[in-house]
Amino acid sequence: MPNVEVLPTREALWNAAAERFVRSAADAVQARERFSVALSGGATPNGLYALLATKAFRTRVSWKHVHVFWGDERCVSPDDARSNYRAAYELLLSHVPIPAANVHRMRGEIDQFESAAEYEQELRTHFTTSEGPPRFAPGACFDLVLLGVGTDGHTASLFPDGRAIDEKLRWTVADYAHSAGMWRITLTLPVINASQEALFLASGAEKRSIVERILHSLDDAATLPAHMVSPAEGEVTWMLDSAASPLSPSN
Ligand code: 6PG
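Conventions used here
Residues numbered from 1 in each chain as written. Predicted model: local features only at pLDDT ≥ 70, side-chain atom pairs only at ≥ 80, totals over all residues. Heavy atoms only, no water. Near = heavy atom within 4 Å. Polar contact = N/O pair within 3.5 Å; in protein donor to acceptor, adjacent residues only side chain to side chain. Areas by Shrake-Rupley, 256 points an atom, 1.4 Å probe, with all protein chains shown as cover. Nonpolar A, V, L, I, M, F, W, Y, C, P; charged D, E, K, R; others polar. Helix = DSSP H or I, 4+ residues; strand = E, 2+ residues; numbered from the N terminus. Contact = heavy atoms within 4.5 Å. Buried < 20%, exposed > 50% of the residue type's maximum accessible area, 1.4 Å probe, protein only. Pairing = 2+ DSSP bridges. Patch = residues over 30% accessible without salt bridge, like charges linked within 9 Å, V, L, I, M, F, W, Y side chains within 5 Å. Salt bridge = Lys/Arg side-chain N within 4 Å of Asp/Glu carboxyl O. Phe/Tyr/Trp six-rings, centres within 6.5 Å; stacked < 30°, edge-to-face > 60°. Lys NZ or Arg CZ within 6 Å of the ring centre and 35° of its normal. Axes fitted to C-alpha atoms, helices over the stretch in contact; angles between N-to-C directions.

Undergrad: I would appreciate a short explanation of the site of the ligand in the present structure.
TA: In the vicinity of the ligand there are 15 residues, among which Thr44, Asp72, His154, Ala156 and Lys207 approach most closely. Between the ligand and Asp72 there is a distance of 2.7 Å, counted from an oxygen atom to a side-chain nitrogen or oxygen. At a separation of 3.0 Å, an oxygen atom of the ligand approaches a polar side-chain atom of Asn84. Protein burial of the ligand: of its 420 Å² of free accessible surface, 86% is covered by the chains. Partitioned by chemical class, the residues of the shell around the ligand number three nonpolar, eight polar and four charged.

Undergrad: How do you make sense of the environment of Asp143 when you look at a structure like this?
TA: Tracing the backbone through its elements, the reader meets Asp143 in the loop between helix H5 (112-126) and strand E5 (144-147). In the structure, Asp143 is positioned 106 residues away from Val37 in sequence and 6.0 Å away in space, judged by C-alpha atoms. For Asp143, the residues in contact, after removing those within four places along its chain, are Ser24, Ala28, Arg32, Arg34, Phe35, Ser36, Gln196 and Glu197. A polar contact is formed between the side chain of Asp143 and the side chain of Arg32, at a distance of 2.5 Å.

Undergrad: Even after reading the chapter, I still don't get the pairing of E5, so can you show me in this structure?
TA: Judged by which residues are buried, E5 turns out to be covered on both faces: Leu144 and Leu146 on one side and Val145 and Leu147 on the other are all buried. Bridge count for strand E2 (residues 35-39) against E5 is two bridges, and the pairing is parallel. Paired with Val37 across the two strands is Leu144, which belongs to E5. The sheet contact formed by E5 and strand E8 (residues 197-202) spans three bridges and is parallel. Counted as the bridge partner of Leu147 is Phe200 from E8.

Undergrad: What am I meant to see in a nonpolar patch on the surface here?
TA: There is a patch of nonpolar side chains on the surface, built from Val4, Val6 and Leu247 and spanning about 230 Å² of accessible area. Within the secondary structure layout, Val4 lies in strand E1 (residues 3-7).

Undergrad: It is not clear to me how the packing of aromatic side chains should be interpreted in this structure. Could you clarify?
TA: Aromatic rings in a pair are described by how distant their centres are and how their planes are angled relative to each other. In this structure the tally under the stated criterion is eleven aromatic pairs. With a centroid separation of 4.0 Å and an interplanar angle of 10°, the aromatic rings of Phe200 and Trp238 are classed as stacked. With Phe200 in strand E8 and Trp238 in strand E9 (residues 235-241), this pair connects stretches of sequence that are 38 residues apart. The same class applies to Phe200 and to Trp238, which are both buried. The cationic tip of Arg105 hangs over the ring face of Tyr85; the distance from NZ or CZ to the ring centre is 5.5 Å.

Undergrad: Help me understand the sheet that holds E9, please; the structure alone is not making it clear to me.
TA: Sheet strands pair via backbone hydrogen bonds, and the direction of the pair is either parallel or antiparallel. The strand order across the open sheet formed by six strands is E1-E9-E8-E5-E2-E3, and the pairing between neighbours is parallel. In the strand order of this sheet, the two ends are held by E1 and strand E3 (66-70), each with one partner. Ignoring strand direction, the axes of neighbouring strands in this sheet form an average angle of 20°. Sheet topology places E1 next to E9; five bridges connect them, and they run parallel. Bridge pairing in E9 places Asn3 opposite Thr237.

Undergrad: Would you take a moment to explain the pattern of salt bridges for this structure?
TA: Charged atoms that come close allow side chains of opposite charge to pair. In this structure the tally under the stated criterion is 13 salt bridges. The salt bridge partner of Arg20 is Glu5, with a shortest N-O separation of 2.6 Å. Of this pair, Arg20 sits in helix H1 (residues 10-32) while Glu5 sits in strand E1, and the two are 15 residues apart along the sequence. On the basis of relative accessibility, which here comes to 9%, the residue Arg20 falls in the buried class. Among the residues examined, Glu5 registers a relative accessible area of 27% and is labelled partly exposed. Across the pair Glu167 and Arg170 runs a salt bridge, and its minimum N-O distance is 3.0 Å. Look at Glu167 and you get buried, because its relative accessible area is 14%. You can call Arg170 partly exposed: its relative accessible area is 45%.

Following this line, the structure appears as structure tokens:
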């Protein structure tokens with residue numbers, strides 16, 4: 001059963017997520033001198049990234065020990081306004097002393113299938129797992145995977161009508177996102193479900209219905225990608241603002 005935290009406002013949601021990021025990083029760095037995190041795309045986490053870049057938070061993270069990856073990327077160049085990398089770079093990474101080698105960008109500007117294969121190799125090297133499935137072991141999996149949720153129940157670029165959601169062996173695949181009308185690169189469920197913690201951020205009234213379906217397993221929720229995020233041994237946490245929470249009184 002996922003952990004659910006409801007915060008009164010979007011700003012409080014970002015603050016709670018920033019505190020979770022700092023704590024997760026501190027725990028991982030203390031244990032193994034490395035924090036491996038996958039950032040989410042979309043608009044919801046932008047306030048979190050901006051907050052992490054402020055002095056109040058950035059000084060609490062040992063950035064030289066942080067390795068940043070992405071849960072997914074749009075197949076566009078890194079300077080494209082739709083690039084998840086660009087958003088994280090402009091809001092956070094360009095403001096903190098993270099070594100360039102620790103920023104593991106999905107290359108959206110090259111052939112999508114080559115990019116997916118390249119990224120899988122980068123993940124395998126980073127997590128010292130040259131073949132086979134991801135291992136749920138400290139240092140061999142993500143310490144934290146940040147995720148959003150679309151109103152159709154997608155997460156990362158795992159879409160209900162996509163093929164990536166069915167991938168059981170590869171760690172990273174390319175898939176065509178019909179709703180977005182573009183190719184995407186995405187981590188697959190085996191990687192996400194091997195993480196120590198998956199942290200969903202959802203904000204706004206437009207997310208309330210899908211969040212309720214997923215958290216209460218209503219209707220066909222079991223077929224929704226965001227519902228299929230269930231780390232075997234790790235944790236799933238949903239951080240919601242009150243507008244997105246089915247637990248809050250309807251406005
Ligand atoms: C992306 C994201 C995607 C996002 C959801 C929610 O690349 O768009 O990875 O999964 O998290 O679509 O997006 P919003 O936060 O903009 O609602």
